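Coordinate analysis (summary)
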Amino acid sequence: MENKLANFTGKIIFIGFGSIAKGVLPLFLRHLPLTPDRIRIIAADPDNEEIASRYNIPYHQIRLTESNYRPVLEPLLEKGDFLVNLSVFVSSIALIELCREKEVLYIDTSIEPWEGGYTDTSASASARSNYALREAALEFGRKNPGGPTAIVCQGANPGMVSGFLKQALLNVAKDNGIDARPATREDWATLARQLDIRVIHVAERDTQNTSVRKKRNEFVNTWSIDGFIGEGLQPAELGWGTHEKHWPKDAGTHSFGCQAAIYLNQPGAATQVRSWTPMEGPYHGFLITHSESISIADYLTVRENGEVVYRPTVHYAYHPSDDAVLSVHELAGKNWQEQPVKRLMRDEIEEGVDELGVLLMGNPKGVYWYGSHLGIDEARKSAPYNNATSLQVAAGVLAGVIWAIRNPGLGVIEPDDIDHETMLEIARPYLGEVIGSYGEWTPLENRNWPFEEDIDPEDPFQFKNIRVK
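Fair warning: this is a prediction, and the values are worked out from it, not measured in the lab.

Quick word on the sheet that holds strand β20 (residues 412-413)
With parallel pairing, the seven strands of this open sheet are ordered in space as β3-β2-β1-β4-β5-β6-β20. The open sheet terminates on both sides in strands that have one partner only, identified here as β3 (59-61) and β20. Note that strand β1 (residues 12-15) and strand β4 (residues 82-85) share four bridges and pair parallel. Directly across from F14, in β4, lies its bridge partner V84. Along the sheet, helix α1 (residues 19-31) contacts β1, β2 (39-43) and β4; its crossing angle with β1, the most-contacted strand, is approximately 170°. Strands β4, β5 (105-108), β6 (150-151) and β20 of the sheet are contacted by helix α12 (residues 388-406), whose axis makes an angle of about 160° with β5.

Put into structure tokens, the structure is as follows:
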């Protein structure tokens, strides 16, 4: 896996050096013609400076803010460089604007606001949603077409799952005797409609564990704790499908933008949904807001004469590691006040798999899951400083960076705009076993027991049937 995948002569500037940046650094050195003197790291946390020093990479301990980001970054950025934003609480749109001015490529794994933007109660739930952040980024791209490629939300999810989705649609089409060769956004949407895909889950179950169990007043996770808490406290968000008949009583809509999604007036970390993966089977996951819930629903919308005639319901269904679940329950019990101690699980993980994919519901052949089964042992063999969760994200970042270098003048784009075959080809060596699997499960399985429930038996894939609370 030492092959170089793109010709790159600029510098890589990391913003943030947490679990994902540490995991992706060895992949960059492996697959790009880079030397450590062409890499810079800017991070608020000094804890990871030792890893940078092992590679002889300059490490600048600076917390970027709205008032200092330009004086800090402008001297470092030159035409042809690549800004890799893997931080939290640093405005993505501010960085994209700066990169455009300096003719620098850009990538992030989520569209971030400045610190406090996720929980600013002076702003409406709509204004502090991922929907609003996405609309602002796309609006910047529309007003400033072309220019250096800036890929927003390209990790595992959002990111890699958009590639999984396209391949899953092709697989289900083939199994239904349909020779599908979609070439445009409209083609993909038409195919999803033809296959009667009503709901799409990003269905993830993380079983990585350790004998060092979670302690009281401690938040434990297999990836960024600040990132997880931040998005967990945003409103639960989902792309809203045209097949839906039951409007959630706590739902809200947006007065601007594509209108592909709604939000619930409660945190995603307080919202649970029913889902299914091949290894885990049925499970309850958190409906954590993610950009792909909105971008995929928007991407797969079919309009006729200006009216929306088809759109699937799309959302995340996340069951993190067992200790992370306990951490979320404790966080909720403290009325969302963060625990004083945070611990990232990596080297102490003893066993487990991150099962991450897309679950397509509605086709007559049954539900279909397509994605990555990556175990901790394989992740460690593949690249240092990784667990199974971080390596899946790092693989998506690598794919996005290579795509941007090969396609440098596309302006602001999303993972749905990237050629999925190229994305999966680049990432596949780091995804473990990539499989597709059908199941007979529906959200109505074993319902009305041991108590009678308010369900819609006529259409299993109504959100009313999927939502737990």
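Read on for the rest.
Let's talk about the UniProt feature "transmembrane region" (unreviewed entry) in the protein chain
Cross-referencing UniProt, the feature "transmembrane region" (unreviewed entry) maps to residues 12-29 in the present numbering. Taken end to end, residues 12-29 is 61% helix and 22% strand, and its two terminal C-alpha atoms sit 11 Å from one another.

Some words on the packing of α1 against α12
Contact geometry of α1 with α12 gives a least axis separation of 8 Å together with a crossing angle of 50°. Put simply, α1 runs oblique to α12. Here the hand of the crossing between α1 and α12 comes out right-handed. Residues S19, I20, G23, V24, L27, F28 and H31 of α1 touch α12, and the partners they reach there are S390, L391, V393, A394, A395, V397, L398, V401 and I402. When grouped by side-chain class, the residues that make up the contact of α1 with α12 number twelve nonpolar, four polar and no charged.

The rules we used
Residues numbered from 1 in each chain as written. Predicted model: local features only at pLDDT ≥ 70, side-chain atom pairs only at ≥ 80, totals over all residues. Heavy atoms only, no water. Pairing = 2+ DSSP bridges. Helix = DSSP H or I, 4+ residues; strand = E, 2+ residues; numbered from the N terminus. Contact = heavy atoms within 4.5 Å. Axes fitted to C-alpha atoms, helices over the stretch in contact; angles between N-to-C directions. UniProt positions renumbered as here; feature names shortened; annotations may be inferred. Parallel < 35°, antiparallel > 145°, perpendicular 65-115°, else oblique. Left-handed = near helix turned anticlockwise from the far one by under 90°. Nonpolar A, V, L, I, M, F, W, Y, C, P; charged D, E, K, R; others polar.

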